[in-house]
Amino acid sequence: MKVDLNQLKESNEFLNTLLNHITSLIFILDQQLRIQCVNGAVEESFGQDIKNMTYQIFGNAINCSHAIEENKDCQHTSFCDLCDFRKGLLKVLKHQIPTYKEKVNRSLYINDKKIEKTFVFTTRHIYYKNESMVMVVVDDITEIEEQRRELKEAISLKNKFLGTVTHDLRNPISAIQNVSWFLLDDSDKMTDEQRLFLKDIYEVSEYMSRLVDDLLEISRIESGKLELDIGYHDYAETIRESVMINQPLAVKKDIKMELTLSDKPLMLYYDRNKIMQVVNNLIGNAIKFSYKKTKISVKVTHRDRYLLTCVSDEGPGIPMDEIDQVFSEFSKLSTRPTENEKSTGLGLAIAKRIVDGHHGEIWVDSVESEGSHFFFSLPMDDAHK
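- The name recorded for the protein in an unreviewed UniProt entry is histidine kinase, from Tindallia magadiensis.
- Regarding the protein, the relevant UniProt record gives this comment under Catalytic activity (unreviewed entry): "ATP + protein L-histidine = ADP + protein N-phospho-L-histidine."

Have a look at this one:
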């Protein structure tokens, strides 16, 4: 077969151009961890000429702070046995592992200034120049890690502030709710207009009380304080109790509720109060978003090693482009409760975190104008042991 040398030359030039325009740092190292080849991004990052880096030991070439401060070659410093870079590279070479990926924090000297960096490096065993070598792709994620740390601190501060404010609001809101309830109970001497105002005050204070409770819970969960009281319970009893609690709300809207349980035993490990909170939220939402004289079904089945609960309604459904927002805090969907019932916008976000804490999953299937099906799964084995 005739080889087109010009085409081959153009192909190599194209590949070299491509590699030199990749922002990731690419190294090819031999079995002594000496650099055989690098791309242009390496030269730009370390301010060294590629020719000067070739055949240098990897740590020396990237200006490892330990090699410079101890005035020793890479692989001979006091830090080398702890170096994740070195461990990963030697592991790939020794065992000829196809790919290996790890995140590391390293201090380097760049332009004579010591800098802390965070890298993700990926290695791959290759044959180059008929020898066993390793290709290393390094990405600098220092800025991303710093942004992540700052975001984490901001979320922590927000949760602390939210927890303090909502806790201080709880007592006055409870007082307003209790007083309005007391006055409604003795409203015979009031005019219709006064009773209506008082009823509005009670309903708004009740909503605010639920909102405060939800805000406190979501701030606790986001702060990593989801406390689960895991025990061995009969899930059938939990579901029956939840359906019974929500039955009066369904009756008010002339909604029929159907419960279907698996024939198999439903004993498993979970936090009974927290999972009942999840079920109550799903059933309560189904009632809010159902029309009068429709049906809500609650069904519990087994799927592999999980127990699957489904709450279905015949309401307006959720538009396809809004499905991803359902379990987000304060999500504003275009679908509204059928009788303008109030919602804090936090219930499903809390439900998701509770289910996640049980090592389960929660999701929704919905077709606009045809209703919604909310599912969540719980592991049948004790995932908390």
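Back to the text.
### What to know about the environment of Ile 26
- Checked against the element boundaries, Ile 26 lands in strand β1 (residues 25–29).
- Taking the relative accessible area as the measure of exposure, Ile 26 reaches 12% and is therefore buried.

### Details of the pattern of salt bridges
- The final tally for this structure, using the stated rule, is 15 salt bridges.
- Residue Glu 153 pairs with Arg 149 through a salt bridge whose shortest N-O separation is 2.5 Å. On the criterion of helical spacing, the pair formed by Glu 153 and Arg 149 is a turn pair, its members being 4 residues apart in helix α7 (residues 142–184).
- Overall, Glu 153 belongs to the partly exposed group, its relative accessible area being 45%.
- Here Arg 149 falls in the partly exposed class, since its relative accessible area comes to 38%.
- When the shortest N-O distance is used, the salt bridge between Glu 258 and Lys 256 registers 3.7 Å.
- With relative accessibility at 30%, the residue Glu 258 sits in the partly exposed group.
- Residue class for Lys 256 comes out exposed when judged on its relative accessible area of 52%.

### Regarding the nonpolar core
- Of all hydrophobic cores here, the largest spans 45 residues; its most connected members are Tyr 235, Ile 275, Ile 283, Val 326, Phe 374 and Phe 376.
- Per-element tally for this core: the top contributor is helix α10 (residues 272–288), with 7 residues.
- Not counting the four nearest positions on each side in its chain, Tyr 235 is found in contact with Leu 266, Leu 268, Tyr 270, Ile 275, Val 279, Val 300, Leu 307, Thr 309, Phe 376 and Leu 378.
- Membership of the second largest hydrophobic core comes to 27 residues, among which are Leu 29, Leu 108, Val 134 and Val 138.

### Details of the pairing of strand β8 (residues 267–270)
- Taking every second residue as pointing to the same face, the buried face of β8 carries Leu 268 and Tyr 270, while none of Met 267 and Tyr 269 on the other face is buried.
- Across 4 bridges, strand β6 (residues 231–234) lies against β8 in antiparallel orientation. Counterpart to Asp 234 in the pairing with β8 is Met 267.

About the cut-offs
Residues numbered from 1 in each chain as written. Predicted model: local features only at pLDDT ≥ 70, side-chain atom pairs only at ≥ 80, totals over all residues. Heavy atoms only, no water. UniProt positions renumbered as here; feature names shortened; annotations may be inferred. Helix = DSSP H or I, 4+ residues; strand = E, 2+ residues; numbered from the N terminus. Buried < 20%, exposed > 50% of the residue type's maximum accessible area, 1.4 Å probe, protein only. Salt bridge = Lys/Arg side-chain N within 4 Å of Asp/Glu carboxyl O. Core = buried A, V, L, I, M, F, W, Y, C linked by side-chain atoms within 4.5 Å. Contact = heavy atoms within 4.5 Å. Pairing = 2+ DSSP bridges.

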